[in-house]
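Listed below are the residues making up each chain.
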Amino acid sequence: MLRNALRHRHCLVSLFFVGVLSIILACGVIASHVRTFSVKRDTAVLIGTSLPELRTSVALLRSTVEAETLFARQARSAREEQAAAYIFPSGSPVPRAVLTLEQLSLALRDSTNGQFSLGSLTFSSKTENKGTHKILDGTAVMRGSFQDVARLLGVLSIGGDMMVRDALAPGVEEQFLRAIGTDQPLALRAAQDFLYLDLLEYALSPDLVEQGALSGVSDALRPTLRQMLLQGGLAEVRTALGPVAERLKERNVWPIPLIQVTSLSREGSEFRVGLGLLSR
Amino acid sequence: MTSLPEAAVAPTKAGFLPVLERLGLPTFLFGIVFLLLTTGVTFLLTPDRFPVHVGGKVIRLADLAAEEQRLQDELDQLNQNREELVKSQDNAPILSQVYARRAEMLPIGTTLLSVESLRSSFRTTTIDPIAIPGVTFDSVTRSLVLRGRVTDPTGGSNHILASFVDGLRTLTTVSTVSEPEYIQEQTPEGMSTPFTITIRFADAT
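In this section: the overall build of chain B. For chain B, the count of helices and strands is six helices and seven strands. Listed N to C, the secondary structure of chain B is α-α-β-β-α-α-α-β-β-α-β-β-β in terms of helices and strands. Here chain B, with 205 residues, has 23% of them falling under the buried criterion. For chain B, the proportion of contacts with a sequence separation of at least 24, taken over those separated by at least 6, is 54%.

To continue, consider the overall build of chain A. Per the secondary structure count, chain A includes nine helices and four strands. In terms of C-alpha radius of gyration, chain A reaches 35 Å, well past the compact-globule figure of 19 Å for 280 residues. With respect to the three principal axes, the spread of C-alpha positions in chain A is 135 × 45 × 40 Å. Split into buried and exposed, the 280 residues of chain A put 36% on the buried side. In chain A, 73% of the contacts between residues at least 6 apart in sequence involve partners at least 24 apart.

Turning next to the interface of chain B and chain A. The interface is formed by 58 residues belonging to chain B together with 65 residues belonging to chain A. Sorting the residues of the side of chain B that touches chain A by element identifies helix H2 (17-44), strand E1 (51-54), helix H3 (61-88), helix H4 (93-104), helix H5 (108-120) and strand E3 (130-138) of chain B as the ones contributing at least two each. Considering each element in turn, the side of chain B that touches chain A owes the most residues, 16 residues, to H2 of chain B. When its residues are assigned to classes, the side of chain B that touches chain A shows 32 nonpolar, 17 polar and nine charged. Where strand E3 (residues 259-267) of chain A and E3 of chain B come together, three bridges link them in antiparallel fashion. Its bridge partner lying in E3 of chain B, Ser265 of chain A is registered against Thr136 of chain B.

Taking 1.5 Å of rise per residue, 29 residues should cover 42 Å, yet helix H9 (residues 222-250) of chain A covers just 32 Å from first to last C-alpha, more than 12% shy of that figure. Along H9 of chain A, the largest kink reaches about 75° and is centred on Gly233 of chain A. Every buried residue of H9 of chain A is accounted for by Leu225, Leu229, Gly233, Leu234, Glu236, Val237, Ala240, Leu241, Val244, Ala245 and Leu248 of chain A. On the buried face of H9 of chain A, the contacting elements are helix H3 (94-111), helix H4 (146-156), helix H5 (172-183), helix H7 (199-204) and helix H8 (206-213) of chain A together with H5 of chain B. Looking one or two residues past H9 of chain A, Asn252 of chain A carries a phi angle of roughly 55°, positive in sign.

Here we come to the nonpolar core. Residue and element names in this part refer to chain A. Ranked by size, the top nonpolar core spans 81 residues in total, and within it Val155 and Val237 carry the most contacts. Per-element accounting of this core gives the leading share, nine residues, to H9. For Val237, the contacting residues outside a window of four places in its chain are Ile158, Ala167, Leu199, Tyr202 and Ala203.

Two faces belong to every sheet, and in a regular strand the side chains alternate between them. Residue and element names in this part refer to chain B. In this sheet, strand E7 (residues 190-201) lies alongside strand E4 (residues 143-152) in antiparallel orientation, the contact comprising 10 bridges. The residue bridging Gly148 from the neighbouring strand is Phe195, located in E7. Both strand E5 (residues 174-177) and E7 contribute to a ladder of three bridges, which runs antiparallel. Bridge assignment links Thr176 to a residue of E7, and that residue is Arg200. Between strand E6 (residues 185-187) and the antiparallel strand that follows it, E7, lie two residues.

Interpretation of the predicted coordinates at a detailed level should be avoided for regions scoring low in pLDDT. All names here are of chain B. Across chain B, pLDDT averages 84, with 89% of residues at or above 70. Per-element mean pLDDT across chain B ranges from 49 in helix H1 (residues 6-14) up to 94 in helix H6 (residues 157-169). Between residues 6-11, whose pLDDT stays under 50, and residues either more than four places distant or in other chains, the model counts two contacts. Model confidence for the complex: the whole-complex pTM is 0.71, and ipTM, which rates the interface, is 0.72.

Our next topic: the packing of H5 of chain A against H9 of chain A. Residues and elements named next belong to chain A. Orientation of H5 relative to H9, taken along the N-to-C sense of each, is 175°, at an axis distance of 10 Å. The orientation of H5 relative to H9 falls into the category roughly antiparallel. Taking contact as the criterion, the partners of Val172, Gln175, Phe176 and Ala179 in H5 are, on H9, Leu225, Met228, Leu229, Gly232 and Gly233. Here the residues of the contact of H5 with H9 sort into six nonpolar, three polar and no charged.

Scoring rules and cut-offs
- Residues numbered from 1 in each chain as written.
- Chains lettered and ligands numbered in written order.
- Predicted model: local features only at pLDDT ≥ 70, side-chain atom pairs only at ≥ 80, totals over all residues.
- Helix = DSSP H or I, 4+ residues; strand = E, 2+ residues; numbered from the N terminus.
- Buried ≥ 20, exposed ≤ 12 C-beta atoms within 10 Å, placed from the backbone.
- Contact = placed C-beta atoms within 7 Å.
- Rg over C-alpha atoms; globule rule 2.2 N^0.38 Å.
- Nonpolar A, V, L, I, M, F, W, Y, C, P; charged D, E, K, R; others polar.
- Pairing = 2+ DSSP bridges.
- Expected span 1.5 Å × (residues − 1).
- Bend = angle between axes of the 7 residues up to and from the residue.
- Core = buried A, V, L, I, M, F, W, Y, C linked by C-beta atoms within 7 Å.
- pLDDT = per-residue confidence, 0-100.
- Axes fitted to C-alpha atoms, helices over the stretch in contact; angles between N-to-C directions.
- Parallel < 35°, antiparallel > 145°, perpendicular 65-115°, else oblique.

Here it is as structure tokens:
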């Protein structure tokens, strides 16, 4: 009887300790659960912050790869042929250069009511071999205002550019696409098409082309993007190529060959421009 | 004086054990139920089950990491595709050479256009204050020298010249712009400041 009572008492004491142990264990489980929640929350914040940017990067890169694939499939061989024939010829670069300078000066003469003229154009008889390319030196003497000569040399500096993206300063294309990708990923395709558009087509009606390219972008972002493009190189295209684009298209003087300006001097209204015609 | 009843004295005599005996069963039951409940809650309410709002989308926490991994994989794949496309540009060797030659050429044309645009921005309906009758460019020294004169009937020719030089320094195609001397001269048109400015182009990158 006494033994049973003692056993009963020991059993109750043991139950007490088992109960206490269970409570401690339960507290441990709660603490562990709270820690897991905290870790997961930190992870979620971290991923949540980077995820929208990652999505934009993927959308941007996807559209870029699509556009480049399309260009590689359809247009690159045609551009290569144009470059070989008109921009960087293997034969004499003189005929194409003379045609270009002549048509440019005629276009400028028309736009300035005869105040601009190309006086003389002379070329060296010897081509200098630079290893990767050849250079033929020449001199152009022209009469006109500083503005007219700046325009003509501005067009020559577009030499070699065929698409809108070629005329943009380094980094502008990526900045432009990133801004559109963040604002409206669906407008990326039109933006890519715009960047791969022929530069002469853009120069013929720049406002219309830009309007079409940015039609899917929000109204708030559109002026910023236009500003970005103009400051990134298209302002020079509008100023220099715009007034002569029509004539260049009519006379099939596009693309502009690679002509580098080696020297320039001015005496009154006469400008003497040293030229270097590049060929393969 | 009456003595205390035996029952009232007993717990004091027995000490701590009777208390444990009395609390044993309730503590055990509470502890077990508490443990079972917390364990159950831990399994049922895992953090992965809860949705989070990311970039306007509601996504389960468990799917968030998977989504990040998927995007990262896609990004790697696209980068790989792009590298292959860049390599395939070797199929257009002349275009590649054109781009290389273009990068070597000094942007004299675009710089002159910018200079002219800046110069004409000072023009008003009555005066065209900046005249640049002397222009010299040499591709060997990578320098463009502008010689001219700023004329302003109101006497602000120095200020106009300083603003013009400041504007030239903002041109992206230019590396350095020399500081001209600010010496005003009296002319029939008003106060005038002659200038010689040397612009240097950055090395080709």
